[in-house]
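Notes for the structure review
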Amino acid sequence: MFIELFFIISHCKITTMIKVIQKAAEILDIIAGAGGERVRLGSIATQTGLNNATCANILKALKDVDFVEQPNQRKGYTLGRKLYFLTQTSPSVDLLSFSFPLIDRLKDKINENVILSIVKGCRRELLYSSLCSHELNASTAQSMSIYRATTGRVIIANWSESHIEELFNETGLPGNDWEAVKSLDDLKRELAEIRLQKYYTALNASHIFSMAVPIFHNGEAIASLGFYMPYARIDEKGSDFLKDCLLETANDINSKLI
């Protein structure tokens, strides 16, 4: 009888544990699907069918292992840095892990969204995001066409010509992702212009301003550091101030990678 009771209790615990794991996976999917935006507790609870207290307990456990982060307790949750290590296979992940505190410091200084990006295949992938506290904010996708993203263009602009040709042969024309590029020669010319600058800026149709700089290791562009923001806030901060802060942090990162 005691053996049967022990089995029932153990089975209940295992079943409960499995359900918690399933809900934790749902929570991570919801946060990942927000494209870098913070997701509030109430929204997560509603989408998972959990009450707020249970949802908060699961989120706390995910925070404890760095699977999620809560930059501001009133602003909601984002994916944590531990997930970046689990989902990326590039050696640049380990090389760049030291830069996360520097990126957080840059975010605090300019109070805008700062991102560290790498290239995976033909996509620009976010390696780390540090999000600002503004109510009016911009967002970017976790994964984006390497041609469309400012942070992607600045990386490939610093690739070798043969590497650029390989990319073009694999992807073909960028199409709407980069309308100025109608041929391989166009691509090389556009990238050469970016390469001549120490930084690269863009303003999209939604009036989101972005700026990015390459990150080098052994002379190779392995990542990019950038920020993005509503264009309306440029005058408040000053473009030179933003540029200088970005370049300073990029130089700090690059100096540690040499």
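Please read all numbers here as calculations on a predicted model, not as lab measurements. (Residues numbered from 1 in each chain as written. Predicted model: local features only at pLDDT ≥ 70, side-chain atom pairs only at ≥ 80, totals over all residues. Heavy atoms only, no water.)

**Quick look at the pairing of strand β3 (residues 113-120)**
Most of β3 sits inside the fold, with 6 of its 8 residues counted as buried. As paired elements, β3 and strand β8 (residues 220-230) share 5 bridges and run antiparallel to each other. Across the sheet, S117 pairs through a bridge with S224, a residue of β8. (Buried < 20%, exposed > 50% of the residue type's maximum accessible area, 1.4 Å probe, protein only. Helix = DSSP H or I, 4+ residues; strand = E, 2+ residues; numbered from the N terminus. Pairing = 2+ DSSP bridges.)

**A short note on the sheet that holds strand β4 (residues 123-130)**
Read from one edge of the open sheet, 6 strands run β5-β4-β3-β8-β7-β6, paired in antiparallel fashion. Both edges of this open sheet fall to β5 (143-145) and β6 (200-203), since each of them pairs with a single strand only. Shown here is a sheet whose adjacent strand axes are inclined to one another by a mean of 30°, direction ignored. With 3 bridges connecting them, β4 and β5 associate as antiparallel partners. Its bridge partner lying in β5, R124 is registered against M144. Its contacts with the sheet put helix α6 (residues 100-110) on β3, β4 and β8, and the angle it makes with β4 is roughly 70°. (Axes fitted to C-alpha atoms, helices over the stretch in contact; angles between N-to-C directions. Contact = heavy atoms within 4.5 Å.)

**What to know about the side chain of E112**
With respect to the helices and strands, the residue E112 is situated in the loop between α6 and β3. Reaching out from E112, the side chain makes a polar contact with the side chain of R233 at a distance of 2.8 Å. (Polar contact = N/O pair within 3.5 Å; in protein donor to acceptor, adjacent residues only side chain to side chain.)

**Describing the confidence of the model for the protein chain**
Averaged over every residue, the pLDDT of the protein chain is 86; the share at 70 or more is 86%. The model gives residues 5-9 a pLDDT under 50, and that stretch makes 0 contacts with residues more than four places away or in other chains. (pLDDT = per-residue confidence, 0-100.)

**Section: the packing of aromatic side chains**
Overall, the coordinates contain 3 aromatic pairs when judged by the stated rule. Measuring from ring centre to ring centre gives 6.3 Å for F209 and F227, while their planes differ by 50°; the resulting arrangement is tilted. Taken as a pair, F209 in strand β7 (residues 208-217) and F227 in strand β8 lie far apart in primary sequence, 18 residues in all. Exposure remark for F209: the relative accessible area of 10% places this residue in the buried category. Taken together, a centroid distance of 6.2 Å and an interplanar angle of 55° make the contact between F209 and Y231 tilted. Taken as a pair, F209 in strand β7 and Y231 in the loop between β8 and α10 (234-237) lie far apart in primary sequence, 22 residues in all. With relative accessibility at 42%, the residue Y231 sits in the partly exposed group. Each residue in the set F209, F227 and Y231 is aromatic and connected to the rest through ring pairs, giving one cluster. Above the ring of W178, the side-chain terminus of R153 is found at 3.9 Å from the ring centroid. (Phe/Tyr/Trp six-rings, centres within 6.5 Å; stacked < 30°, edge-to-face > 60°. Lys NZ or Arg CZ within 6 Å of the ring centre and 35° of its normal.)

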